[in-house]
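Summary of structural features
Spelled out from the first residue to the last, the chains are:
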Amino acid sequence: MTPIRIAFISGFVFLVTLALGLLFVQFIEQDRQLEQQQAITQTIAPYTQNLQRQLNHSLSATFALAALIRQFKGVDNFETIAADFIESYGGILSLQLAPEGIVQQMYPSSSNDGLGSEHNLLENSPWQTQALLAQAQGQLTVAGPFAGEFGTELVGLLPVFLVDDLGREQFWGFTVVVLDMNQVISLSNLEVLLEQGFDYTLSNLHVDTQTLTTLASSTRVPFETAVAYEFETSQGTWILNISQKEPDSFVASFLVEIALVGLISALISGLTFALLRQPIMLQNQVEVRTQQLQESEERYRNLVELSPEPILVHANEKFVYLNAAAVQLLGAKDESILLGKPIFNLILPDMHNATKKRIQQIYQGHRPSERLDIQIQRLDGRILEVEVSSMPIRYLEQPASQAILRDVTERKKLERLKSELISNVSHELRTPLTAIKGYTEILISEDENSLSQQQLDFLNIVAQNSNRLTNLINNLLDIESLDAGKLSGELDTLDLSDVLRTVAQALKVNADEKGLDFEVDLEAGVLIKGDEGRLVQAFSNLVANAIKYTPQGLVSIHSRTKDNEALVEIRDSGIGIAETDLVKLFERFFRSSDKYVRKVGGTGLGLAIAKAAIESHDGRINVESKIQQGTTFLVHLPLYEG
Ligand code: ADP
């Protein structure tokens with residue numbers, strides 16, 4: 001969905017929710033008004049009845065006067081009676097008697113709006129029409145309302161008929177009452193409504209003219225929500241409009257409601273916007289990530305593709321990927337020749353067993369700690385020696401191995417040449433050296449007496465150095481043969497304690513000479529398979545070193561079985577080995593630069609030989625040392641389980 005469309009939909013949602021919200025508010029509003037009207041109706045009912053009653057009551061003063069006239073054919077003490085009636089009926093401004101329609105008597109005399117007495121109601125009067133109507137219909141008729149001197153006035157005209165001697169009804173005249181609407185209203189207690197927070201307006205819909213006249217009102221503001229209470233009288237319809245004064249809080253709450261609706265609509269449309277946008281954002285994110293991934297894959301591919309190192313991937317023992325360098329190394333024209341072909345086609349058969357085991361382990365996710373040297377046959381038939389370092393990967397959803405190859409054919413050739421050279425030279429040196437050693441010894445032993453002391457000393461130095469040279473040459477030959485993986489002759493089943501005892505017995509003298517404590521603690525019956533001569537040589541080197549590099553204190557040899565292995569500990573309390581030296585310790589010709597070491601002298605080949613010998617027995621050698629505190633060599637050998 002495009003962003004414009006989302007904005008459009010969100011806007012639409014906003015409008016719809018706003019409209020619905022406003023409708024809802026309006027509905028609530030109407031409901032509230034209805035409730036208000038009902039409340040008003042209930043409240044005002046007694047007051048409207050009061051008003052109607054008071055109005056009728058005030059008007060009925062005309063009937064009382066009429067009754068007197070009918071009885072006495074006139075009213076003698078009119079003023080007293082009128083004052084009395086005004087007092088008791090209430091709401092009356094003036095009472096009048098108009099025999100023949102002409103006002104003859106009125107009380108109080110100042111009223112009647114200056115029309116004065118002798119005023120003919122039927123001829124020249126503001127209420128002439130009503131007077132004629134009253135006379136014609138024979139019933140009380142109300143004229144007005146009028147704006148009088150004291151406020152709104154109504155005039156009630158009651159035609160009085162007297163029965164003559166012949167029994168006929170003869171029009172006598174009118175009894176007239178002028179009502180003061182203000183008084184009528186106040187007598188109806190309408191004012192109480194004001195105290196209760198209501199406003200009222202009393203109007204009259206004129207029976208003939210149908211004009212609506214406001215008689216009294218407590219407010220100037222026209223009503224919007226009001227309860228209209230109508231009641232009919234002979235003078236037309238009276239309408240009492242009552243409304244409740246709206247409290248300010250009402251307007252405020254109405255505004256709050258509208259604001260709330262606006263807010264909710266905005267919220268809903270905002271939510272819609274966010275929800276609709278989310279897939280777009282997700283999609284964008286996915287696109288960005290995919291691109292990043294593609295780029296990183298591309299970079300990685302380029303790295304591998306263009307690497308000068310031959311890199312290949314195989315799965316199910318078949319080639320699935322080769323970079324250009326690997327294609328070239330294996331002598332193929334292009335990768336398609338090798339892809340899908342078994343890797344064992346190229347590995348020389350006598351390497352298959354060792355390689356197969358390793359490859360299966362890699363497919364299972366194990367990363368081999370060491371590189372593997374194998375011989376392969378290129379497509380052009382040439383044999384190569386390659387060093388392979390592999391690691392497990394997943395390639396196209398299956399377990400695979402990524403292998404980096406290094407062509408070590410040349411290096412191996414050189415190493416072989418070097419070994420051959422060393423062993424040839426060593427062999428060649430050994431013969432003349434044996435002669436020198438032999439003749440020197442003969443000279444020393446046979447001509448001891450005929451030689452001067454100085455000559456004897458010189459001959460002893462020659463003998464000593466020939467011995468050192470012989471040692472060095474023997475060591476060199478040993479290390480070369482160990483490197484070539486040659487263990488002399490058949491392997492024997494050996495009791496490790498016998499081997500170590502031989503070593504201890506031979507070297508105890510050296511320890512004794514230095515005054516060292518020499519402890520030997522050997523577990524008997526720990527059987528191993530090995531070349532006794534080599535093992536004696538390896539352990540002799542270690543024990544001799546321990547004695548050599550311990551000025552005073554203790555040297556111990558301890559052997560036992562541990563975790564299904566034979567474990568030999570050769571411990572000393574000697575000079576120790578610096579941490580920086582530990583990494584180079586087993587390298588050929590390495591000797592520490594420590595003064596003590598330099599003074600003692602040596603070839604730097606002893607540990608290299610020991611390590612090679614132990615490893616050729618499938619064992620391991622480790623060292624723990626603290627400078628000035630001592631050193632422990634730990635040798636692990638596999639137990640013989642035959
Ligand atoms: P070297 O003929 O010098 O003894 P090695 O190969 O036997 O040759 O030992 C190499 C070096 O390792 C020694 O020169 C010495 O610095 C150090 N080393 C070997 N064994 C010990 C030991 N037990 N205590 C201290 N240093 C030792």
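Just above, that's the structure.
This text gives an overview of the structure that appears in the document. Everything quoted here is computed from the prediction, not taken from an experiment.

A word on the sheet that holds strand 3 (residues 141–148). Here 5 strands make up an open sheet; going across it, the order is 2-1-5-4-3 and the pairing antiparallel. Bordering the open sheet on either side are strand 2 (105–107) and strand 3, each of which pairs with just one other strand. Mean inter-strand twist for the sheet, computed between neighbouring axes without regard to direction, equals 20 degrees. The strands that helix 1 (residues 3–59) touches are strand 1 (92–99), strand 3, strand 4 (151–163) and strand 5 (169–180); relative to strand 5, the one it contacts most, it runs at about 130 degrees. Across the sheet, helix 2 (residues 61–72) lies against strand 1, strand 4 and strand 5, angled at about 25 degrees from strand 4, the strand it touches most.

Taken as a whole and judged by the stated rule, the model has 4 aromatic pairs. The interplanar angle of 85 degrees and the centroid separation of 6.3 Å between the aromatic rings of F586 and F633 together place this pair among those described as edge-to-face. Here F586 is found in the loop between helix 14 (579–582) and helix 15 (595–600), whereas its partner F633 is found in strand 21 (residues 630–638), with 47 residues between them in sequence. Of the two residues examined, F586 and F633, each falls in the buried class. Ring-pair connections join several aromatic residues into one group, and the members of that group are F161, F171 and F174. For the cation-ring pair, K356 lies above F344, with the distance from its terminal atom to the ring centre recorded as 4.2 Å.

As a further point, take empty space enclosed by the protein. The full count for this structure, using the stated rule, is 4 cavities of 30 Å³ or more. Counted as a void, the largest cavity has a volume near 240 Å³. Forming the boundary of the largest cavity are 20 residues, of which H314, I347, I374, V388 and L405 lie nearest the centre. Elements that contribute at least two residues to the lining of the largest cavity include exactly strand 10 (311–315), helix 9 (352–363), strand 12 (372–377), strand 13 (383–395) and strand 14 (398–407). Looking at which element gives the most residues to the lining of the largest cavity, the answer is helix 9, with 4 residues. In terms of residue class, the lining of the largest cavity is built from 15 nonpolar, 4 polar and 1 charged.

This paragraph deals with the sheet that holds strand 14. The sheet built from 5 strands is open, its strands ordered 11-10-14-13-12 with antiparallel pairing. The open sheet has two free edges, formed respectively by strand 11 (318–322) and strand 12, since each of these has just one partner strand. On average, each strand axis in the sheet is inclined to that of its neighbour by 40 degrees, with strand direction left out of account. The pairing of strand 13 with strand 14 spans 10 bridges and is antiparallel. Paired with Y395 across the bridge in strand 14 is Q398. Lying on the sheet, helix 10 (residues 409–446) is in contact with strand 12, strand 13 and strand 14; it crosses strand 13 at an angle near 135 degrees.

Here we take up a nonpolar patch on the surface. Nonpolar side chains collect at one region of the surface, where V256, L260, L263, I264, L267, I268, L271 and L275 lie side by side and expose about 770 Å² of accessible area between them. Note on placement: L275 falls in helix 7 (residues 248–306). Look at L275 and you get exposed, because its relative accessible area is 55%.

Here the structure, examined in full by the defined rule, presents 19 salt bridges. In this structure, the salt-bridge partner of E387 is R371, at a minimum N-O distance of 3.5 Å. Taken together, the positions of E387 in strand 13 and R371 in the loop between helix 9 and strand 12 put the pair 16 residues apart, joining distant regions of the chain. Judged by its relative accessible area of 10%, E387 is buried. A salt bridge links R571 to E569, with the nearest nitrogen and oxygen atoms 3.3 Å apart.

Not every one of the 21 residues close to the ligand is listed here, only the nearest: N545, Y549, D572, R591 and L607. Contact between the ligand and K548: an oxygen atom at 3.1 Å from a side-chain N or O atom of the residue. Contact between the ligand and D572: a nitrogen atom at 3.0 Å from a side-chain N or O atom of the residue. With the chains in place, 98% of the 530 Å² that the ligand exposes on its own is no longer accessible. Among the detected pockets, the ligand sits in the second largest pocket.

Here we come to the nonpolar core. With 46 residues, the main nonpolar core has L95 and M181 as its most contacted residues. In this structure, L95 is in contact with A61, L65, F78, A82, F85, I86, Q105, M106, Y107, V176 and V177, ignoring residues within four places of it in sequence. Core analysis: the second largest hydrophobic core is formed by 45 residues, L494, V555, F590 and L605 among them.

Looking now at the packing of helix 13 (residues 532–548) against helix 16 (residues 606–616). It is the contact of helix 13 with helix 16, at a shortest axis distance of 9 Å, that shows an interaxial angle of 140 degrees. For the element pair helix 13 / helix 16, the angle class is oblique. Our pair here, helix 13 against helix 16, has a crossing hand that is left-handed. Contacts between helix 13 and helix 16 involve R534, Q537, A538, F539, N541, L542 and N545 from the first element and G606, L607, I609, A610, A613 and I614 from the second.

Taken as a whole, the second largest pocket holds about 950 Å³ of empty space. Lining the second largest pocket we find 39 residues, and of these N545, K548, Y549, G601 and G602 sit closest to its centre. At 7 residues, helix 13 tops the list of elements feeding residues into the lining of the second largest pocket. Both domain 2 (411–483) and domain 3 (492–638) contribute no fewer than three residues apiece to the lining of the second largest pocket.

Definitions and cut-offs
- Residues numbered from 1 in each chain as written.
- Predicted model: local features only at pLDDT ≥ 70, side-chain atom pairs only at ≥ 80, totals over all residues.
- Heavy atoms only, no water.
- Pairing = 2+ DSSP bridges.
- Helix = DSSP H or I, 4+ residues; strand = E, 2+ residues; numbered from the N terminus.
- Axes fitted to C-alpha atoms, helices over the stretch in contact; angles between N-to-C directions.
- Contact = heavy atoms within 4.5 Å.
- Phe/Tyr/Trp six-rings, centres within 6.5 Å; stacked < 30°, edge-to-face > 60°.
- Buried < 20%, exposed > 50% of the residue type's maximum accessible area, 1.4 Å probe, protein only.
- Lys NZ or Arg CZ within 6 Å of the ring centre and 35° of its normal.
- 1 Å grid on protein atoms, 1.4 Å probe; cavity = no way out; pocket = protein on both sides within 12 Å on 5 of 7 lines; lining within 4 Å.
- Points joined across faces, edges and corners; volume = space filled by probe spheres on them.
- Nonpolar A, V, L, I, M, F, W, Y, C, P; charged D, E, K, R; others polar.
- Patch = residues over 30% accessible without salt bridge, like charges linked within 9 Å, V, L, I, M, F, W, Y side chains within 5 Å.
- Areas by Shrake-Rupley, 256 points an atom, 1.4 Å probe, with all protein chains shown as cover.
- Salt bridge = Lys/Arg side-chain N within 4 Å of Asp/Glu carboxyl O.
- Near = heavy atom within 4 Å.
- Polar contact = N/O pair within 3.5 Å; in protein donor to acceptor, adjacent residues only side chain to side chain.
- Sits in = over half its atoms within 2 Å of the grid points.
- Core = buried A, V, L, I, M, F, W, Y, C linked by side-chain atoms within 4.5 Å.
- Parallel < 35°, antiparallel > 145°, perpendicular 65-115°, else oblique.
- Left-handed = near helix turned anticlockwise from the far one by under 90°.
- Domains from an automatic or database assignment.

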